[in-house]
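Residue-level listing of the chains:
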Amino acid sequence: GAWLIPTNEARSLIYRTDPFFRPLFFVLQWNAVSGRVYSVYGTTNLIHTFEPWGTNILHPQNTFTDTVHSAEDAAFYKLDVQLKELE
């Protein structure tokens, strides 16, 4: 199944890889933009705080594959975007 992120349905998608193939992964995909740095935060229970699961993701990469929490029944994600600092 797939779930759209309600804040931007056209640009972000979380999907779970085909359940008939193991291992099973959650994949978060978005439209990456040059000059931005992306971080993925997640939790397996909304009672707990979101923790960094992927940081310093730069364009053109536009996906994060969660291989750690694939055995969980659910995972919740937040995608953070910041301006990339000039070098």
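Note that the structure is predicted; figures quoted are calculated from it, not measured.

Peer 1: Before we go on, may I ask you to explain the packing of aromatic side chains in this structure?
Peer 2: Ring pairs (aromatic) are described by centroid distance and by the angle formed between their planes. Taken as a whole and assessed by the stated rule, the structure comprises three aromatic pairs. Between Trp 30 and Tyr 38 the ring centres are 5.5 Å apart and the planes differ by 45°, which places this aromatic pair in the tilted class. Residue classification places Trp 30 among the buried residues on the basis of a relative accessible area of 2%. On the basis of relative accessible area, Tyr 38 is assigned to the buried category, the value being 4%. Among the aromatic residues, those joined into a ring-pair cluster are Phe 26, Trp 53 and Tyr 77.

Peer 1: How should the confidence of the model for the protein chain be read in this particular structure?
Peer 2: Note: predicted coordinates in regions of low pLDDT should not be interpreted at a detailed level. Per-residue confidence for the protein chain gives a mean pLDDT of 78, with 68% of residues at or over 70. Between the elements of the protein chain, mean pLDDT differs from a low of 40, seen in strand S1 (residues 2-4), to a high of 95, seen in strand S5 (residues 51-58). Predicted confidence for residues 1-10 stays below pLDDT 50, and this span has 14 contacts to residues more than four positions away or in other chains.

Peer 1: Would you explain the sheet that holds strand S7 (residues 76-83) in this entry?
Peer 2: Strand pairing in a sheet relies on backbone hydrogen bonds, with the paired strands running either antiparallel or parallel. Pairing within the open sheet is antiparallel, and its three strands lie in the order S5-S4-S7. Two strands lie at the open edges of the sheet, namely S5 and S7, each paired on one side alone. Each strand of the sheet is rotated relative to its neighbour by a mean of 20°, with strand direction disregarded. Note that strand S4 (residues 36-43) and S7 share eight bridges and pair antiparallel. Counterpart to Arg 36 in the pairing with S7 is Leu 83.

Cut-off values and rules
Residues numbered from 1 in each chain as written. Predicted model: local features only at pLDDT ≥ 70, side-chain atom pairs only at ≥ 80, totals over all residues. Heavy atoms only, no water. Phe/Tyr/Trp six-rings, centres within 6.5 Å; stacked < 30°, edge-to-face > 60°. Buried < 20%, exposed > 50% of the residue type's maximum accessible area, 1.4 Å probe, protein only. pLDDT = per-residue confidence, 0-100. Helix = DSSP H or I, 4+ residues; strand = E, 2+ residues; numbered from the N terminus. Contact = heavy atoms within 4.5 Å. Pairing = 2+ DSSP bridges. Axes fitted to C-alpha atoms, helices over the stretch in contact; angles between N-to-C directions.

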